[in-house]
Amino acid sequence: MNDSNSTIPHVPTQLYLISPLDVGGDFPQRLARALEAGAGHVTAFQFRVKGFDGSAGQHEAAALAQPLQEICAAHEVAFIVNDDIALAKRLKADGVHLGQEDGTVAEARDALGMQAQIGVTCHASRHLAMEAGEAGADYVAFGAFFPSTTKDKGNAERPQPEILEWWTQIFELPCVAIGGITPENCVPLIEAGADFLAVSGAVWNGDEAKTVQAFVEVLEGHG
(Lines give C-alpha, C1' and ligand atoms only; values in the text may rest on other atoms or scores of the structure.)
Protein backbone atom coordinates (compact mmCIF):
# COMPACT_ATOMS: atom_id res chain seq x y z
CA MET A 1 0.00 0.00 0.00
CA ASN A 2 3.04 2.21 -0.01
CA ASP A 3 3.09 2.59 -3.81
CA SER A 4 -0.05 4.21 -5.15
CA ASN A 5 1.23 3.73 -8.69
CA SER A 6 1.34 -0.05 -8.44
CA THR A 7 -0.81 -1.82 -10.99
CA ILE A 8 -3.12 -4.54 -9.88
CA PRO A 9 -2.08 -7.37 -12.24
CA HIS A 10 1.47 -7.29 -10.84
CA VAL A 11 0.63 -7.09 -7.15
CA PRO A 12 -0.46 -10.24 -5.29
CA THR A 13 -3.38 -9.78 -2.92
CA GLN A 14 -2.25 -8.70 0.54
CA LEU A 15 -3.86 -8.61 3.98
CA TYR A 16 -4.99 -5.38 5.64
CA LEU A 17 -5.75 -6.04 9.32
CA ILE A 18 -8.34 -3.91 11.10
CA SER A 19 -8.28 -3.72 14.87
CA PRO A 20 -11.16 -4.69 17.12
CA LEU A 21 -12.65 -1.81 19.09
CA ASP A 22 -10.89 -2.99 22.25
CA VAL A 23 -7.14 -2.74 21.75
CA GLY A 24 -6.16 -2.76 25.41
CA GLY A 25 -5.03 -5.67 27.58
CA ASP A 26 -3.03 -8.26 25.67
CA PHE A 27 -3.95 -6.92 22.24
CA PRO A 28 -0.42 -5.66 21.46
CA GLN A 29 0.87 -9.21 21.91
CA ARG A 30 -1.93 -10.55 19.72
CA LEU A 31 -1.10 -8.03 17.01
CA ALA A 32 2.56 -9.04 17.09
CA ARG A 33 1.59 -12.71 16.72
CA ALA A 34 -0.70 -11.91 13.80
CA LEU A 35 1.96 -9.88 11.99
CA GLU A 36 4.57 -12.56 12.55
CA ALA A 37 2.20 -15.19 11.17
CA GLY A 38 1.51 -13.02 8.14
CA ALA A 39 5.07 -11.86 7.48
CA GLY A 40 5.34 -10.76 3.86
CA HIS A 41 1.57 -10.86 3.40
CA VAL A 42 0.27 -8.20 5.81
CA THR A 43 0.76 -4.72 4.36
CA ALA A 44 -1.29 -2.51 6.66
CA PHE A 45 -2.99 -2.32 10.04
CA GLN A 46 -5.91 -0.01 10.74
CA PHE A 47 -6.31 1.43 14.23
CA ARG A 48 -10.07 1.57 14.72
CA VAL A 49 -11.33 2.79 18.08
CA LYS A 50 -14.47 4.73 18.90
CA GLY A 51 -15.67 7.20 21.51
CA PHE A 52 -12.40 9.06 22.14
CA ASP A 53 -13.68 12.60 21.60
CA GLY A 54 -12.09 15.81 22.83
CA SER A 55 -8.51 16.39 23.91
CA ALA A 56 -8.67 13.86 26.76
CA GLY A 57 -10.05 11.22 24.44
CA GLN A 58 -7.38 11.93 21.85
CA HIS A 59 -4.72 11.57 24.52
CA GLU A 60 -6.15 8.21 25.61
CA ALA A 61 -6.42 6.99 22.02
CA ALA A 62 -2.84 8.04 21.36
CA ALA A 63 -1.67 6.10 24.42
CA LEU A 64 -3.43 2.98 23.13
CA ALA A 65 -2.01 3.48 19.66
CA GLN A 66 1.64 3.92 20.62
CA PRO A 67 2.60 0.28 21.30
CA LEU A 68 0.62 -0.89 18.26
CA GLN A 69 2.32 1.67 16.06
CA GLU A 70 5.73 0.50 17.28
CA ILE A 71 4.84 -3.14 16.54
CA CYS A 72 3.72 -2.21 13.03
CA ALA A 73 6.92 -0.25 12.41
CA ALA A 74 9.01 -3.20 13.56
CA HIS A 75 7.21 -5.42 11.04
CA GLU A 76 7.26 -2.80 8.25
CA VAL A 77 3.46 -2.66 8.24
CA ALA A 78 1.70 0.63 7.50
CA PHE A 79 -0.19 2.07 10.48
CA ILE A 80 -3.49 3.59 9.32
CA VAL A 81 -5.91 5.50 11.56
CA ASN A 82 -9.62 5.00 10.98
CA ASP A 83 -11.90 8.02 10.51
CA ASP A 84 -9.83 10.58 12.44
CA ILE A 85 -7.54 12.94 10.51
CA ALA A 86 -6.51 14.86 13.64
CA LEU A 87 -5.49 11.68 15.46
CA ALA A 88 -3.58 10.45 12.42
CA LYS A 89 -1.68 13.74 12.37
CA ARG A 90 -0.99 13.60 16.09
CA LEU A 91 0.39 10.07 15.79
CA LYS A 92 2.31 10.83 12.60
CA ALA A 93 0.55 7.75 11.26
CA ASP A 94 1.27 6.36 7.83
CA GLY A 95 -2.21 7.31 6.75
CA VAL A 96 -5.92 7.60 7.42
CA HIS A 97 -8.99 5.72 6.25
CA LEU A 98 -12.02 7.92 5.66
CA GLY A 99 -15.67 7.00 5.71
CA GLN A 100 -18.05 9.10 3.65
CA GLU A 101 -18.63 11.46 6.60
CA ASP A 102 -15.10 11.70 8.02
CA GLY A 103 -13.67 14.59 6.04
CA THR A 104 -12.34 14.87 2.52
CA VAL A 105 -9.26 13.52 0.81
CA ALA A 106 -8.11 17.12 0.34
CA GLU A 107 -8.41 17.83 4.07
CA ALA A 108 -6.50 14.67 4.92
CA ARG A 109 -3.80 15.43 2.37
CA ASP A 110 -3.41 18.97 3.69
CA ALA A 111 -3.07 17.71 7.26
CA LEU A 112 -0.94 14.63 6.67
CA GLY A 113 1.16 15.46 3.63
CA MET A 114 1.81 13.92 0.26
CA GLN A 115 3.35 10.71 1.62
CA ALA A 116 0.31 9.73 3.68
CA GLN A 117 -1.79 6.80 2.52
CA ILE A 118 -5.41 7.95 2.27
CA GLY A 119 -8.17 5.42 1.75
CA VAL A 120 -11.88 5.98 1.24
CA THR A 121 -14.88 3.76 1.98
CA CYS A 122 -17.00 3.49 -1.16
CA HIS A 123 -19.48 0.77 -0.12
CA ALA A 124 -20.97 -0.65 -3.35
CA SER A 125 -20.73 2.60 -5.31
CA ARG A 126 -18.72 2.90 -8.50
CA HIS A 127 -19.47 6.62 -8.49
CA LEU A 128 -18.03 7.17 -4.99
CA ALA A 129 -14.94 5.18 -5.94
CA MET A 130 -14.33 7.25 -9.04
CA GLU A 131 -14.84 10.44 -7.03
CA ALA A 132 -12.32 9.25 -4.44
CA GLY A 133 -9.79 8.44 -7.13
CA GLU A 134 -10.25 11.83 -8.76
CA ALA A 135 -9.80 13.50 -5.38
CA GLY A 136 -6.40 11.85 -4.95
CA ALA A 137 -7.09 8.89 -2.69
CA ASP A 138 -4.39 6.21 -2.54
CA TYR A 139 -6.90 3.35 -2.43
CA VAL A 140 -10.64 2.73 -2.46
CA ALA A 141 -12.49 0.22 -0.29
CA PHE A 142 -15.58 -1.71 -1.35
CA GLY A 143 -17.83 -3.62 1.05
CA ALA A 144 -19.26 -5.17 3.07
CA PHE A 145 -19.09 -8.20 0.78
CA PHE A 146 -20.37 -10.57 3.47
CA PRO A 147 -22.31 -10.16 6.73
CA SER A 148 -19.95 -8.48 9.18
CA THR A 149 -19.87 -8.44 12.96
CA THR A 150 -17.40 -5.53 12.92
CA LYS A 151 -19.43 -2.98 11.01
CA ASP A 152 -23.21 -2.83 11.01
CA LYS A 153 -24.13 -1.95 7.44
CA GLY A 154 -27.85 -2.04 8.09
CA ASN A 155 -29.68 -2.06 4.77
CA ALA A 156 -26.68 -0.86 2.78
CA GLU A 157 -26.29 -2.43 -0.63
CA ARG A 158 -23.89 -5.36 -0.60
CA PRO A 159 -21.40 -5.28 -3.48
CA GLN A 160 -20.58 -8.28 -5.61
CA PRO A 161 -17.04 -9.34 -6.58
CA GLU A 162 -17.75 -7.99 -10.07
CA ILE A 163 -17.20 -4.45 -8.79
CA LEU A 164 -13.57 -5.36 -8.04
CA GLU A 165 -13.16 -6.84 -11.49
CA TRP A 166 -14.63 -3.70 -13.07
CA TRP A 167 -12.36 -1.44 -11.03
CA THR A 168 -9.16 -3.34 -11.73
CA GLN A 169 -9.82 -3.44 -15.46
CA ILE A 170 -10.21 0.34 -15.69
CA PHE A 171 -8.14 1.90 -12.90
CA GLU A 172 -4.64 1.37 -11.54
CA LEU A 173 -5.56 2.67 -8.08
CA PRO A 174 -5.49 -0.19 -5.55
CA CYS A 175 -8.78 -1.53 -4.20
CA VAL A 176 -9.62 -3.06 -0.85
CA ALA A 177 -12.34 -5.62 -0.20
CA ILE A 178 -13.88 -5.46 3.26
CA GLY A 179 -16.67 -6.99 5.31
CA GLY A 180 -17.03 -10.46 6.81
CA ILE A 181 -14.06 -11.87 4.91
CA THR A 182 -12.70 -15.24 6.05
CA PRO A 183 -10.17 -17.74 4.68
CA GLU A 184 -13.15 -19.81 3.53
CA ASN A 185 -14.95 -17.14 1.49
CA CYS A 186 -12.17 -14.89 0.19
CA VAL A 187 -11.22 -16.69 -3.04
CA PRO A 188 -13.82 -14.95 -5.28
CA LEU A 189 -12.52 -11.57 -4.07
CA ILE A 190 -8.92 -12.52 -4.81
CA GLU A 191 -9.86 -13.83 -8.24
CA ALA A 192 -11.83 -10.65 -8.96
CA GLY A 193 -8.67 -8.61 -8.44
CA ALA A 194 -8.74 -7.26 -4.87
CA ASP A 195 -5.36 -5.80 -3.98
CA PHE A 196 -6.10 -6.07 -0.29
CA LEU A 197 -8.42 -8.11 1.90
CA ALA A 198 -9.37 -6.06 4.94
CA VAL A 199 -10.06 -8.46 7.78
CA SER A 200 -10.97 -8.02 11.42
CA GLY A 201 -13.47 -10.34 13.11
CA ALA A 202 -12.18 -13.47 11.41
CA VAL A 203 -8.75 -12.81 12.91
CA TRP A 204 -9.48 -11.38 16.35
CA ASN A 205 -12.51 -13.54 17.28
CA GLY A 206 -10.30 -16.61 17.50
CA ASP A 207 -6.69 -17.68 17.23
CA GLU A 208 -5.16 -14.74 15.35
CA ALA A 209 -1.98 -16.53 14.28
CA LYS A 210 -3.80 -19.62 13.04
CA THR A 211 -6.34 -17.53 11.10
CA VAL A 212 -3.70 -15.32 9.49
CA GLN A 213 -1.78 -18.45 8.50
CA ALA A 214 -4.96 -19.81 6.91
CA PHE A 215 -5.33 -16.59 4.92
CA VAL A 216 -1.69 -16.81 3.85
CA GLU A 217 -2.19 -20.35 2.56
CA VAL A 218 -5.10 -19.16 0.42
CA LEU A 219 -3.17 -16.13 -0.85
CA GLU A 220 -0.14 -18.21 -1.75
CA GLY A 221 -2.36 -20.64 -3.61
CA HIS A 222 -3.75 -17.80 -5.73
CA GLY A 223 -0.62 -15.68 -6.14
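Given the structure is predicted, the values throughout are model-derived calculations rather than measurements.

Attention now goes to the overall build of the chain. When helices and strands are counted, the chain shows 9 helices and 8 strands. Computed over C-alpha atoms, the radius of gyration of the chain comes to 16 Å, within 12% of the 17 Å expected from 2.2 N^0.38 for 223 residues, which places it in the range of a compact globule. Its C-alpha atoms give the chain principal-axis dimensions of about 45 × 40 × 35 Å. Partitioning the intrachain contacts of the chain with sequence separation of at least 6 by distance along the chain shows that 60% fall at a separation of at least 24. Surface exposure of the chain reaches about 10400 Å², of which carbon and sulfur atoms provide 49%. Between the averaged position of the 13 positive side-chain charges in the chain and that of its 30 negative side-chain charges there is a distance of 5 Å.

On to the packing of aromatic side chains. Any two aromatic rings considered together are summarised by their centre-to-centre distance and by the angle between their planes. The full count for this structure, using the stated rule, is 9 aromatic pairs. An aromatic cluster is built from Phe27, Phe45, Phe47, Phe79 and Trp204, whose rings are joined through pairwise contacts. We note Arg126 situated over the ring of Trp166; from NZ or CZ to the ring centre the distance is 4.7 Å.

It is at 11 Å that the axes of helix α5 (residues 126-135) and helix α6 (residues 162-170) come closest, and there the two elements cross at 35°. For the crossing formed where α5 meets α6, the hand is right-handed. Listed contacts from α6 to Arg126, Ala129 and Met130 of α5 are Ile163, Trp166 and Trp167. In terms of residue class, the contact of α5 with α6 is built from 5 nonpolar, no polar and 1 charged.

Quick look at the environment of Asp207 now. Inspection of the secondary structure assignment puts Asp207 in the loop between α8 (201-204) and α9 (208-221). The class for Asp207 is partly exposed, based on a relative accessible area of 42%. At 3.1 Å, the side chain of Asp207 and the backbone nitrogen of Ala209 are in polar contact.

Moving on, we get to the pairing of strand β7 (residues 175-178). By the alternation rule, side chains of β7 split into Cys175 and Ala177 and Val176 and Ile178, which are all buried. As paired elements, strand β6 (residues 139-143) and β7 share 4 bridges and run parallel to each other. Counterpart to Ala141 in the pairing with β7 is Val176. Inspection of the sheet shows β7 paired to strand β8 (residues 196-199) by 3 bridges, in the parallel sense. Note that in β8 the partner of Ile178 across the bridge is Ala198. In terms of handedness, the path from β7 via helix α7 (residues 187-192) over to β8 forms a crossover that is right-handed.

Per the UniProt record, the feature "binding site: Mg(2+)" (unreviewed entry) sits at Asp83 and Asp102. Spanning 20 residues, the annotated positions come together in the fold, the maximum distance between their C-alpha atoms being 5.5 Å. Here Asp83 lies in the loop between β3 (78-82) and α3 (85-91). On the accessibility criterion, Asp83 (23% relative accessible area) is partly exposed. When neighbours within four sequence positions are excluded, Asp83 is seen to be in contact with Lys50, Val96, His97, Gly99 and Asp102. Among the polar contacts made by the side chain of Asp83, one reaches the side chain of Asn82 at a distance of 3.3 Å. If you trace the backbone, Asp102 turns up in the loop between β4 (95-98) and α4 (105-112). At a separation of 2.6 Å, a polar atom in the side chain of Asp102 contacts the main-chain amide nitrogen of Gly99.

Sheet architecture is closed into a barrel: 8 strands sit in the order β1-β2-β3-β4-β5-β6-β7-β8, paired in parallel fashion. If you compare each strand with its neighbour and ignore which way they point, the axes differ by 25° on average. With 4 bridges connecting them, strand β1 (residues 14-18) and strand β2 (residues 42-47) associate as parallel partners. From the neighbouring strand, Ile18 faces β2, where its bridge partner is Gln46. Sitting on the sheet, α4 is in contact with β4 and β5 (117-121), with an inclination near 165° to β4.

Rules of the game
The residue numbering used here restarts from 1 in each chain and proceeds along that chain's sequence as written. Local features in a predicted model are, by the rule used here, given only for residues with pLDDT of at least 70; side-chain atom pairs are given and counted only at 80 or more, and totals for whole chains, interfaces and linings are based on all residues. Processing note: side-chain calculations cover all non-hydrogen atoms of the structure and skip hydrogens and water entirely. Numbering goes from the N terminus for both helices and strands, where a helix is a DSSP run of H or I of at least four residues and a strand is a run of E of at least two. Throughout, the radius of gyration refers to the C-alpha atoms, and the reference size of a globule is 2.2 Å times the residue count to the power 0.38. Every residue pair with non-hydrogen atoms within 4.5 Å of one another is taken to be in contact. Computed with a 1.4 Å probe, the accessible areas rest on the Shrake-Rupley method; for each residue, only the protein chains presented here act as cover. Under the convention used here, Asp and Glu are negative, Lys and Arg are positive, and both His and the chain ends fall outside the count. Lysine's charge is taken at NZ, arginine's at CZ, aspartate's at CG and glutamate's at CD. Stacked, tilted and edge-to-face are the three classes assigned to paired rings of Phe, Tyr and Trp, where Trp is represented by its six-membered ring and a pair needs centres within 6.5 Å; plane angles under 30 degrees give stacked, over 60 edge-to-face, the rest tilted. By definition here, charges over rings are those cases where NZ of Lys or CZ of Arg is within 6 Å of the ring centre and within 35 degrees of the ring normal. Here an axis means a line fitted to C-alpha atoms, over the contact stretch when the element is a helix, while the angle between two N-to-C directions is reported on a 0 to 180 degree scale. Handedness of a helix crossing follows the sense of rotation of the near helix relative to the far helix, less than a right angle counterclockwise being left-handed and clockwise being right-handed. Residue classes follow a fixed rule: Ala, Val, Leu, Ile, Met, Phe, Trp, Tyr, Cys and Pro count as nonpolar, while Asp, Glu, Lys and Arg count as charged, and any other residue, Gly among them, counts as polar. We call a residue buried when its accessible area falls under 20% of the maximum for its residue type, exposed when it is over 50%, and partly exposed in between, using a 1.4 Å probe and counting protein chains only. Counting of polar contacts relies on pairs of N or O atoms within 3.5 Å, with two restrictions inside protein: one atom must be capable of donating a hydrogen and the other of accepting it, and residues adjacent in sequence are counted only when both atoms are side-chain atoms. A pair of strands counts as paired when DSSP detects no fewer than two bridges linking them. For the handedness criterion, the strands are oriented away from the viewer, and a crossover whose path from the first strand over the helix to the second runs clockwise is classed as right-handed. UniProt positions are given in the numbering used here, feature names are shortened, and annotations may be inferred rather than shown by experiment.

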